[in-house]
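# Per-entry structural report
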Amino acid sequence: MKIPAKAFTHGGKFHADDVFSAALLRILRPDIRIQRGFEVPENFDGLVFDIGDGMFDHHSADREVRPNGVPYAAFGLLWRVLGAGLVGDNQARLLDENFIQPLDLNDNTGEQDSLADAIGSFNPRWDEKTDPDECFFKAVDFAQVILQNRLEEARAVTRADDLVQKAYQNMRDGIVVLPCYAPWKNALYRSDAQFVVYPSQRGGWAAQCVNDRRTKSPKVPFPAGWGGQPAAVLAERSGLEGLRFCHASRFLISASDKETALAACRLAQAARR
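Residues numbered from 1 in each chain as written. Predicted model: local features only at pLDDT ≥ 70, side-chain atom pairs only at ≥ 80, totals over all residues. Heavy atoms only, no water.

Read across the open sheet, the 5 strands follow the order β4-β5-β6-β8-β7; overall the sheet is mixed. The open sheet has two free edges, formed respectively by β4 (175-177) and β7 (243-246), since each of these has just one partner strand. Direction aside, the axes of adjacent strands within the sheet are offset by 20° on average. The pairing of β7 with strand β8 (residues 252-255) spans 3 bridges and is antiparallel. Across the sheet, the residue bridging to Leu243 is Ala255, located in β8. (Pairing = 2+ DSSP bridges. Helix = DSSP H or I, 4+ residues; strand = E, 2+ residues; numbered from the N terminus. Axes fitted to C-alpha atoms, helices over the stretch in contact; angles between N-to-C directions.)

Take a look at the structure:
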């Protein structure tokens, strides 16, 4: 879809829906001129969203609803058409599920959402004389940074998938070893991997549990006696001098070297047998 030079949306109070829609359009066409008002100008030759009962409005009684029951708002309707071109089909679907649907749900039902609240806080207070359009475009600037970061994050995951899949092919005993840190959850979401071991961005090595995709909990958590303990206690309880840290939720450990991280995973597996 070619983005026109002009777009129109409703005036007055704004929400995350119309703000993120505007941010998406500006990412795709930085020179787009977005107008706001309470009625679409006659013979307007640009893209209209969140008003006007057209392709990217969602206020009619027969509004579109996703198969999971979450109704579309303007942001979701635009993303459905434009998202795959930005990040590919799979990441577009995941961004819709994890990022866009909560905003669409907030706009359609008032469901609480902290990001939507943050965007809403850009609106003028009831007793202020600030121009709502000026506030709207400040909110769009803010939303555009967030959305651009989410797009770059999605692209980074796609770039990491090949590296993680190659490491998975060499998995031994349910433990995948990465040559460097890379986003791995997307590639291993449906796999039989139990742990991922990788060089830590904080130095040393780390190991993380792979969650069961149904329960969202670690397939094999680290032992209960390790969670949240000081390094000296960890060393005593595990017998691993290089074990530095175990998260209180027992899904992550850090170690001084690769061998210790691998040994910690094997001890966790043994404890579950």
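Quick look at helix α3 (residues 89-109) now. Approximately 50° is the largest bend angle found in α3, and it occurs at Ile100, with the proline Pro102 only one to four residues beyond. Here α3 has its buried residues at Gln91, Ala92, Leu95, Asp96, Phe99, Ile100, Gln101, Leu103, Asp104, Asn106 and Asn108. At its buried positions, α3 is contacted by α1 (16-28), α2 (74-87), α4 (114-120), α5 (132-169) and α6 (185-188). (Bend = angle between axes of the 7 residues up to and from the residue. Buried < 20%, exposed > 50% of the residue type's maximum accessible area, 1.4 Å probe, protein only. Contact = heavy atoms within 4.5 Å.)

One way to put it is that α1 packs onto α5 with a least axis distance of 8 Å and a crossing angle of 65°. The handedness of the crossing between α1 and α5 comes out as right-handed. Residues Asp18, Val19, Phe20, Ala22, Ala23, Leu24, Arg26 and Ile27 of α1 touch α5, and the partners they reach there are Phe136, Phe137, Ala139, Val140, Asp141, Ala143, Gln144, Ile146, Leu147, Gln148 and Leu151. Per-class residue counts for the contact of α1 with α5 are 14 nonpolar, 2 polar and 3 charged. (Left-handed = near helix turned anticlockwise from the far one by under 90°. Nonpolar A, V, L, I, M, F, W, Y, C, P; charged D, E, K, R; others polar.)

It is worth spelling out the sheet that holds strand β2 (residues 33-37) at this point. Across the sheet, 3 strands lie side by side as β2-β1-β3; this open sheet has parallel pairing. Strands at the two margins of the open sheet, each flanked by one partner only, are β2 and β3 (47-48). Note that strand β1 (residues 6-10) and β3 share 2 bridges and pair parallel. Paired with Ala7 across the bridge in β3 is Leu47.

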